[in-house]
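Breakdown of the fold
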Amino acid sequence: MEKDLREGAFNPFIVTKQLQSNCSPERLKEVKAEANQILNATLSQLIAVVNLMDLQPFGSIVTNVIFLGLPEMQRAILFEKEKEKHVGPV
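Note that this is a predicted model, so its numbers are computed, not measured. (Residues numbered from 1 in each chain as written. Predicted model: local features only at pLDDT ≥ 70, side-chain atom pairs only at ≥ 80, totals over all residues. Heavy atoms only, no water.)

In this section: the side chain of lysine 32. With respect to the element layout, lysine 32 can be found in helix H3 (residues 25-50). When its relative accessible area of 4% is taken as the criterion, lysine 32 is described as buried. (Helix = DSSP H or I, 4+ residues; strand = E, 2+ residues; numbered from the N terminus. Buried < 20%, exposed > 50% of the residue type's maximum accessible area, 1.4 Å probe, protein only.)

What follows is the structure, given as structure tokens:
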């Protein structure tokens, strides 16, 4: 989100929350928390639908992406970069 703000790139959360490049870190944190909730709800709906489907022969790949890949990418994009900012030199 920070990169999108800096570069003027499209991001639906920036548009809907009317964020500006000079918004406070607290505001960004609020929007990230809301984005996380929205993504979790969407993933929950996806899981419910996938559980009803016959995914042969690619079921293990699809479930791996949905149950492991998507949550990990969400975590990395929304929160890992935040942790990197707080890590000082070793």
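Moving on, we come to the nonpolar core. Counting 9 residues, the largest nonpolar core consists of Met1, Leu5, Phe13, Ile14, Leu19, Leu28, Val31, Ala35 and Leu78. Looking at this core, the elements with two or more residues in it are helix H2 (12-16) and H3. With 3 residues, the top contributor of residues to this core is H3. (Core = buried A, V, L, I, M, F, W, Y, C linked by side-chain atoms within 4.5 Å.)

With respect to the helices and strands, glutamine 74 occurs in helix H4 (residues 59-86). Residue glutamine 74 is classed as buried on the basis of its relative accessible area, which comes to 11%. Within the local environment of glutamine 74, its side chain forms a polar contact with the side chain of asparagine 36, the two groups lying 2.5 Å apart. Each residue touching glutamine 74, except ones within four places of it in the same chain, is listed here: Asn36, Leu39, Asn40 and Phe79. (Polar contact = N/O pair within 3.5 Å; in protein donor to acceptor, adjacent residues only side chain to side chain. Contact = heavy atoms within 4.5 Å.)

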